[in-house]
Amino acid sequence: MANIKCVGILTSGGDAPGMNAAIRAVTRTAIYNEMEVKGIYRGYKGLLDGEIIPFKTNNVSNIIQQGGTILKTARSTEFRDPEGRRIAYETIQKEKIDALVVIGGDGSLTGARIFAQEYNIPIVGLPGTIDNDLFGTDTTIGYDTALNTIMEAVDKIRDTATSHERLFFIEIMGRDAGFLALNGALAVGAEAAIIPEIWTEVDQLEELIEHGFRKSKNSSIVLVAESEITGGAMGMAERVKKKYPQYDVRVTILGHLQRGGSPTATDRILASRMGAAAIDALMEDQRNVMIGIQNDTIVYVPFSKAIKNDKPINRDLLNTLRILSI
Ligand code: ATP
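From a predicted model like this one, the values you see are computed outputs, not experimental measurements.

## Regarding the packing of aromatic side chains
Then comes step 1: Enumeration over the complete set of coordinates arrives at 5 aromatic pairs.
Then comes step 2: Consider the rings of phenylalanine 79 and phenylalanine 115, whose centres lie 5.2 Å apart with planes at 70°: the pair is edge-to-face. With phenylalanine 79 in the loop between strand 3 (52–55) and helix 3 (82–94) and phenylalanine 115 in helix 4 (residues 106–119), the pair connects residues that are 36 residues apart, well separated along the chain.
Then comes step 3: Classification of phenylalanine 115 by relative accessible area gives buried; the value is 0%.
Then comes step 4: Relative to tyrosine 119, the ring of tyrosine 89 has its centre 4.3 Å away and its plane inclined at 15°; by these criteria the two rings are stacked. With a gap of 30 residues between them, tyrosine 89 in helix 3 and tyrosine 119 in helix 4 connect regions that are remote in the sequence.

Below, the structure written as structure tokens:
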């Protein structure tokens, strides 16, 4: 068994609901196993600035239900440079931190991988991102909450869309991964989803408008993943308006509200299981792995796999969406 006396924990990159539940689980599992815990504030920036405090069980009381992250999060350009990581390592030595738990998305785990390799530090990652875009795990902490937030918001837009017989393009987060837009579309009964994995099929939208909106529907909802390539919901709406000036086209950009809110039960349970598993992994001498979940079983996914592989989206779901929107 690895001899780890003190674990540092940080959240990095975009915040995601459930990060607090994960912080709580890591902290309490570590203390249960007689380790010290240090909370590192503002992600890797906190490692460079030495913004670190000891965490006891009561530091994580009453946070399981809170969105965001009590440790705050930040993006650190300095940590991308070897010199920045050298300073971060000095902090780790000074604070007597033996291992790190990093909660974040693709970028945060890429940073963790490089840091672990350079300085031979045991690091375990937790997939904390609403985008669900990490390979080797069925889902990520925050994804379910974001999906439910999108569903509630779009249900409300549907009411007004129907009353005014409008065609709504609703922009969803996920510029590199369409999980939120596609599954969100299924959850709200949208007519279509425009996702980054399948840009070439964008013209199917015209088919939808010809056969769906014009023929029988008195409202239509299309979820569009944010994108510089298509111009997102605004870009799609402009294209459609040009071609079909008779339609009452509107755009809503859901924006940051998708990140906030109290985590769902699914995210709280996932974060609690993954947080506890991070400490188990460290005690088993695992390093450079992300905790994942596959078929309801906790798995260890090497960082190299989790961040390098594109997580495939289930293309059959697009067809299901098309069939259900007739
Ligand atoms: P989200 O998926 O929510 O955007 P993320 O973890 O992918 O979250 P990023 O902004 O990509 O967010 O990364 C967070 C931080 O991780 C960066 O600010 C940087 O400090 C560190 N990081 C990212 N990529 C690297 C890299 N190649 N080398 C070193 N550090 C990195």
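After that view of the structure, there is still more to cover.
## Description of the site of the ligand
Then comes step 1: In the vicinity of the ligand there are 17 residues, among which Arg75, Ser76, Gly105, Gly107 and Ser108 approach most closely.
Then comes step 2: Within the contact set of the ligand, an oxygen atom lies 3.0 Å away from a backbone nitrogen or oxygen of glycine 105.
Then comes step 3: Serine 108 places a side-chain nitrogen or oxygen 2.5 Å from an oxygen atom of the ligand.
Then comes step 4: Per-element tally for the shell around the ligand: the top contributor is helix 4, with 6 residues.
Then comes step 5: When the residues that make up the shell around the ligand are grouped by side-chain class, the tally is 3 nonpolar, 10 polar and 4 charged.

## Brief notes about the domain arrangement of the protein
Then comes step 1: For the protein, the domain assignment lists domain 1 (6–142 + 263–308) and domain 2 (145–259).
Then comes step 2: Centre-to-centre separation of domain 1 and domain 2, based on C-alpha positions: 34 Å.
Then comes step 3: Between domain 1 and domain 2, the residue contacts involve 11 residues of the former and 10 residues of the latter.
Then comes step 4: Of the roughly 910 Å² buried at the junction of domain 1 and domain 2 (both faces included), carbon and sulfur atoms supply 55%.
Then comes step 5: Viewed at the interface, domain 2 and domain 1 are joined by 0 salt bridges.
Then comes step 6: Here domain 1 and domain 2 share 5 residue pairs in polar contact (both at pLDDT 80 or more) between them.
Then comes step 7: Residues belonging to the side of domain 1 that touches domain 2 are distributed by class as follows: 3 nonpolar, 4 polar and 4 charged.

Calculation rules
- Starting from 1, residues in each chain are numbered consecutively following that chain's sequence as written.
- Predicted model: local features are reported for residues with pLDDT of at least 70 only, side-chain atom pairs are reported and counted for 80 or more only, and whole-chain, interface and lining totals are derived from all residues.
- For side-chain calculations, the full set of non-hydrogen atoms in the structure is used, while hydrogens and water are omitted.
- Note on ring pairs: Phe, Tyr and Trp rings are taken, using the six-membered ring of Trp, and paired if centres are within 6.5 Å. Classes follow the plane angle, with under 30 degrees stacked, over 60 edge-to-face and the rest tilted.
- Under the DSSP-based scheme used, a helix requires at least four consecutive residues in state H or I and a strand at least two consecutive residues in state E, with every element numbered from the N terminus.
- Each residue is placed in one exposure class: buried if its accessible area under a 1.4 Å probe, protein chains only, is under 20% of its type's maximum, exposed if it is over 50%, and partly exposed if it falls in between.
- Here a residue is near a molecule or strand as soon as one of its heavy atoms is found within 4 Å of it.
- Polar contacts here mean pairs of N or O atoms no more than 3.5 Å apart (in protein, one a potential hydrogen donor and the other a potential acceptor; neighbouring residues in sequence count only if both atoms are side-chain atoms).
- Lys, Arg, Asp and Glu make up the charged group, whereas Ala, Val, Leu, Ile, Met, Phe, Trp, Tyr, Cys and Pro make up the nonpolar group; the residues left over, Gly among them, are polar.
- Domain start and stop positions are those given by an automatic or database domain assignment.
- Contacts are residue-level and defined by heavy atoms, with any inter-residue pair within 4.5 Å sufficient.
- Simply put, the buried area is the total loss of 1.4 Å probe accessible area from both parts when two parts are fitted together.
- Each reported salt bridge corresponds to a side-chain nitrogen of Lys or Arg within 4 Å of a carboxyl oxygen of Asp or Glu.

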